[in-house]
Amino acid sequence: MTSEERLKQQLQDGKMIEDESEMTEGYKKALTQTLLVSGDTELMSAPAYYEPSMNAPSVNARASCVSVIQDELGHGHIAYRLLEDLGYDREELIYGREPHEFRNTYGFDQPLENFAELVTAHGMWDRAGIVLLTDIHENTSYAPWKRALTKVGKEEQFHLRHGETWMRRLANKNEKTKTKVQDAVDWMFPIALEWFGLSDDEKKHSDQLDYRIKAMTNDELRQEWMSTAVPLCEELGLDVPAHYDEEAGEYVVEYDLPVAFDAETKTWHFDEPISWSDVIDRWRGRGPANEKYVNMLQSGRLDPVSA
């Protein structure tokens, strides 16, 4: 067995990794890529959440939104701190990259334009983050990340409860506010389905699973997300393009995933199936708010001379 094969077998048998000296190059690459996506996604959610939080309907609601933003910044720094242990420069990661070089999930390159979109993002996208990070927390072979995620998981549950509470309030208040939540769900739900990546039959690399960075496949994670997101929307009388199939014993998406998305109008073209390669090209091209949000984050850096 090669050193990579031997390590993979040890990891599948339950071995935990504490530091870089125990890693192969393959393990380090898989871990750093996962940490970078996680850190960038947490960080970029902060500016996305900021502007609509200022339009919260009450002081208490705004305070909760600001608390979420503070948490997300902290979660991003946790991932970057772990990357520092692997040889990365945290200052360079945050302030030294161009906007298109960030690897956050595509949802946080979209502008959130009102409070209904903000709380729906908590209800849809923070739920997706919980699904991903819970899998990592419970199953990862990288011990420092496992320990750090204990705090992160508790805070993300608060974000989700905040989103669900306000989605219920708005959906039950009147038809106008319910329509705003429905409009948000219309474009956010499919983005969340894409969040988990290529379908299992399309995915060519399994390093995250082989090195036990995570344990669930992309399609398994998608099913886990739908198992709570779809019932919530059904409870609130919100339409989503997915349902539970009793015969199949799983949730079924009611269109051929993936499909084309118009980021400028936040419109999905369900009659225009595309390839996952097209989706990856869209992700790499970033979304309409990418540059604005990165600039908001990087403008907070103090000039060493003036400081």
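Here is what the cut-offs are and how they apply
Residues numbered from 1 in each chain as written. Predicted model: local features only at pLDDT ≥ 70, side-chain atom pairs only at ≥ 80, totals over all residues. Heavy atoms only, no water. Helix = DSSP H or I, 4+ residues; strand = E, 2+ residues; numbered from the N terminus. Rg over C-alpha atoms; globule rule 2.2 N^0.38 Å. Buried < 20%, exposed > 50% of the residue type's maximum accessible area, 1.4 Å probe, protein only. Contact = heavy atoms within 4.5 Å. Areas by Shrake-Rupley, 256 points an atom, 1.4 Å probe, with all protein chains shown as cover. Patch = residues over 30% accessible without salt bridge, like charges linked within 9 Å, V, L, I, M, F, W, Y side chains within 5 Å. Salt bridge = Lys/Arg side-chain N within 4 Å of Asp/Glu carboxyl O. Lys, Arg positive; Asp, Glu negative; His and termini not counted. Charge placed at Lys NZ, Arg CZ, Asp CG, Glu CD. Expected span 1.5 Å × (residues − 1). Bend = angle between axes of the 7 residues up to and from the residue. Polar contact = N/O pair within 3.5 Å; in protein donor to acceptor, adjacent residues only side chain to side chain. 1 Å grid on protein atoms, 1.4 Å probe; cavity = no way out; pocket = protein on both sides within 12 Å on 5 of 7 lines; lining within 4 Å. Points joined across faces, edges and corners; volume = space filled by probe spheres on them. Nonpolar A, V, L, I, M, F, W, Y, C, P; charged D, E, K, R; others polar. Core = buried A, V, L, I, M, F, W, Y, C linked by side-chain atoms within 4.5 Å.

Q: Can you help me understand the overall build of the protein in this one?
A: Looking only at helices and strands, one finds eleven helices and four strands in the protein. Relative to its length of 307 residues, the protein is compact, with a C-alpha radius of gyration of 20 Å against a globular reference of 19 Å. The principal-axis extent of the C-alpha atoms belonging to the protein is close to 65 × 60 × 35 Å. Counting across all 307 residues of the protein, residues that qualify as buried make up 49%. Here the contacts in the protein between residues at least 6 apart in sequence split such that 73% fall between residues at least 24 apart. Roughly 14,700 Å² of accessible area belongs to the protein as shown, and the carbon and sulfur atoms make up 48% of that amount.

Q: Sorry if this is basic, but what is going on with a negative patch on the surface here?
A: Taken together, D89, E92, E98, E101 and E291 make up a surface patch of like negative charges. In this fold, E101 is placed in the loop between α4 (90–95) and α5 (115–139). Looking at E101, the relative accessible area reads 33%, which means it is partly exposed.

Q: I keep staring at unusual backbone geometry and nothing clicks. Help me out?
A: Cis geometry marks the peptide bond from L257 to P258, where omega comes out at 0 degrees. Residue placement: P258 occurs in the loop between β2 (250–253) and β3 (259–262). Although it is not a glycine, R212 adopts a positive phi angle of roughly 55 degrees. Locating R212 in the fold gives a position in the loop between α8 (207–210) and α9 (218–235). Overall, R212 belongs to the buried group, its relative accessible area being 15%. Although it is not a glycine, R286 adopts a positive phi angle of roughly 65 degrees.

Q: What is the right way to look at the side chain of E117 in this model?
A: Along the chain, E117 turns up in helix α5. Residue contacts for E117: discarding those within four places in its chain leaves P111, L112, A184, W187, M188 and K266.

Q: Just checking my understanding: could you explain α5 for this structure?
A: Three or four residues apart is the spacing at which side chains of an α-helix point the same way, because the helix has 3.6 residues per turn. For α5, built from 25 residues, the straight-helix expectation of 36 Å at 1.5 Å per residue is met to within 8% by its first-to-last C-alpha distance of 35 Å. Of all the bends in α5, the greatest measures close to 30 degrees and is centred on A121. The element α5 is largely enclosed, with a buried count of 20 among its 25 residues. At the N-terminal end of α5, a side-chain oxygen is found 3.1 Å from the backbone nitrogen of A116, two or three residues along, and the residue is N114.

Q: Which parts of the structure should I look at to understand empty space enclosed by the protein?
A: Think of a ball as big as a water molecule: rolled over the atoms, this probe shows where empty space is left. Applying the stated criterion across every chain, the model contains one cavity of 30 Å³ or more. Of the voids in this model, the largest cavity is the one considered here, and its volume is about 40 Å³. Along its surface, the largest cavity is lined by S38, E42, H75, I78, A79, L133, W145, L149 and V152. Class assignment for the residues of the lining of the largest cavity results in six nonpolar, two polar and one charged.

Q: Would you mind showing me how to read the nonpolar core here?
A: Buried together is how nonpolar side chains tend to be arranged in soluble globular proteins. Within the largest apolar cluster, 83 residues are counted, with the highest numbers of intra-cluster contacts made by Y27, M124, W125, W145, F189 and W225. No other element matches the eleven residues that α5 contributes to this core. Residues contacting W225, with those up to four places away along its chain left out, are M124, R127, A128, V131, F189, A192, L193 and F196.

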